[in-house]
Amino acid sequence: MSFKKQTLPELPYDFSALEPVISGQIMEVHYTKHHNGYVNNFNALLDKVEEAEAKNDLQKLISLQAGLKFNGGGHINHSIFWTNLAPKGKGGDLSKELEKAISSKYGSLENMIKKFTSTTVAIQGSGWGWLGYCPGGDTLRITTCANQDPLSTQGLVPLLGIDVWEHAYYLQYKSARPDYLKAIWDVINWANVSQRYAAAKGQCKACCSCK
Ligand code: MN3
């Protein structure tokens, strides 16, 4: 039995659609080079997994795990990220349910954004800031992941992820990560984040231990 090869999902808007917040040049490189690279690398590793399985080579199989996590995580994260964004004015609204959950946990959407931003600005090196849903505690969490670790490694369901690898902003914002994180809220697809919340609420109740 072999794992299915992954494919690059279609970008739901043009490369330049998020300007001036994210330049068309960044989007094109990010999508066609970086995300595409994770997909291709992951698929190439799947072939090696199959070879290792055919030879019953456990050491080889183990040596492939870090690459599978990195490239598979990169594919998962970027696939979420593209749908979390939308051209300015086209991102829809928060659902009543998510608005209520955000207010009860953070006081207001504005406060949630403040906390998300300060937490994500502080990531050392490359990583992602996340708003996630904790099924065990039926609550929201703001957290960060290093490199391309997917949020599922923390037992959380991803609702909104912001990529703060330098490739996501450097061509436009240079070293000013705070400026990128200040601007990006103009192109968040709140309707997509709300759909993810509604779907997550229906998931199991025993996936993580946070309360
Ligand atoms: Mn990226």
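Rules of the game
Residues numbered from 1 in each chain as written. Predicted model: local features only at pLDDT ≥ 70, side-chain atom pairs only at ≥ 80, totals over all residues. Heavy atoms only, no water. Helix = DSSP H or I, 4+ residues; strand = E, 2+ residues; numbered from the N terminus. Buried < 20%, exposed > 50% of the residue type's maximum accessible area, 1.4 Å probe, protein only. Contact = heavy atoms within 4.5 Å. Areas by Shrake-Rupley, 256 points an atom, 1.4 Å probe, with all protein chains shown as cover. Lys, Arg positive; Asp, Glu negative; His and termini not counted. Charge placed at Lys NZ, Arg CZ, Asp CG, Glu CD. Core = buried A, V, L, I, M, F, W, Y, C linked by side-chain atoms within 4.5 Å. Donors = N, O, S within 2.8 Å, 3.2 Å for Na, K, Ca; no water. Salt bridge = Lys/Arg side-chain N within 4 Å of Asp/Glu carboxyl O. Pairing = 2+ DSSP bridges. Polar contact = N/O pair within 3.5 Å; in protein donor to acceptor, adjacent residues only side chain to side chain. Arc of directions from axis to C-beta.

Visitor: An account of the overall build of the protein chain is needed here, citing residue identities and associated values.
Guide: Scanning the protein chain from N- to C-terminus turns up eight helices and three strands. Along the protein chain, helices and strands appear, N-terminal first, in the series α-α-α-α-α-β-β-β-α-α-α. Considered along the principal axes of its C-alpha atoms, the protein chain spans approximately 55 × 40 × 30 Å. Out of the 211 residues in the protein chain, the part that is buried amounts to 46%. Contacts spanning at least 24 positions in sequence make up 71% of the contacts within the protein chain whose residues lie at least 6 apart. Taken as a whole, the protein chain presents about 10900 Å² of accessible surface, with 51% of it coming from carbon and sulfur. If the 22 positive side-chain charges of the protein chain are averaged to one point and the 19 negative ones to another, these points end up 6 Å apart.

Visitor: I'd like a description of the nonpolar core, backed by residues and values.
Guide: The biggest cluster of nonpolar side chains holds 52 residues, and the ones touching the most others in it are Leu 140 and Tyr 180. Sort the elements by how many residues they give to this core and strand E1 (residues 127-134) lands first, with five residues. If we skip the residues at most four places from it in the chain, Leu 140 touches Leu 98, Ala 101, Ile 102, Lys 105, Tyr 106, Leu 131, Gly 132, Tyr 133, Leu 159 and Tyr 197. Counting six residues, the second largest nonpolar core, distinct from the first, contains Leu 45, Leu 46, Leu 64 and Leu 68.

Visitor: Please provide a residue-by-residue account of the coordination of the manganese ion, values included.
Guide: Binding of the manganese ion to the protein goes through His 30 (NE2), His 78 (NE2), Asp 163 (OD) and His 167 (NE2), at separations of 1.9 to 2.1 Å. Ordering the donors of the manganese ion by residue number gives the pattern H-x47-H-x84-D-x3-H. Separated by 85 residues along the polypeptide, His 78 in helix H3 (residues 65-84) and Asp 163 in strand E3 (residues 157-163) bring together distant segments of the chain. The class for His 78 is buried, based on a relative accessible area of 0%. By relative accessible area, Asp 163 is classed as buried at 0%.

Visitor: Mind laying out the pattern of salt bridges, listing which residues take part and the relevant values?
Guide: Tallied over the full model, the rule gives four salt bridges. Linking Lys 69 and Asp 149 is a salt bridge whose minimum nitrogen-to-oxygen distance equals 3.9 Å. Of this pair, Lys 69 sits in helix H3 while Asp 149 sits in the loop between strand E2 (139-146) and E3; the two residues are 80 residues apart in sequence, bridging distant segments of the chain. Note on Asp 149: relative accessible area 22%, which makes it partly exposed. Of the charged contacts in the structure, one is a salt bridge between Asp 186 and Lys 88, with a shortest N-O distance of 3.5 Å.

Visitor: Can you tell me about the pairing of E2, naming the residues and giving the values?
Guide: Both E1 and E2 contribute to a ladder of eight bridges, which runs antiparallel. Counterpart to Tyr 133 in the pairing with E2 is Leu 140. Where E1 folds back on E2, the antiparallel hairpin that results is connected by four residues, among which Asp 138 adopts a positive phi of roughly 45°.

Visitor: Account for the side chain of Thr 117, naming residues and giving values.
Guide: Within the secondary structure layout, Thr 117 lies in helix H5 (residues 109-121). With a relative accessible area of 17%, Thr 117 lands in the buried category. Within polar-contact distance, the side chain of Thr 117 engages the backbone oxygen of Ile 113 at 2.7 Å. Excluding its chain neighbours within four sequence positions, the residues that come into contact with Thr 117 are Leu 181 and Trp 185.

Visitor: Break down helix H4 (residues 96-106) for me, with residues and values.
Guide: Within H4 the residues assigned to the buried category are Leu 98, Ala 101, Ile 102 and Tyr 106. Take H4 and look down its axis: the buried residues cluster within an arc of 95°, on one side only. Those residues of H4 that are exposed and aimed more than 90 degrees away from the buried face are Lys 96, Glu 97, Lys 100 and Ser 104. In this structure, the buried residues of H4 make contact with H5, E1, E2 and helix H8 (190-201). Positive phi appears at Gly 107, one or two residues downstream of H4, with a value of about 95°.

Visitor: So what's going on with unusual backbone geometry? Which residues, and what values?
Guide: Note the cis peptide between Glu 19 and Pro 20, where omega equals 5°. Here Pro 20 shows up in the segment before helix H1 (24-54). Within the chain, Asp 138 stands out as a residue other than glycine whose phi angle is a positive 45°. When you line up the elements, Asp 138 lands in the loop between E1 and E2. Among the residues examined, Asp 138 registers a relative accessible area of 38% and is labelled partly exposed. One non-glycine residue, Lys 174, lies in the positive phi region at around 50°. Of note, Lys 174 is situated in the loop between helix H6 (170-173) and helix H7 (177-183).

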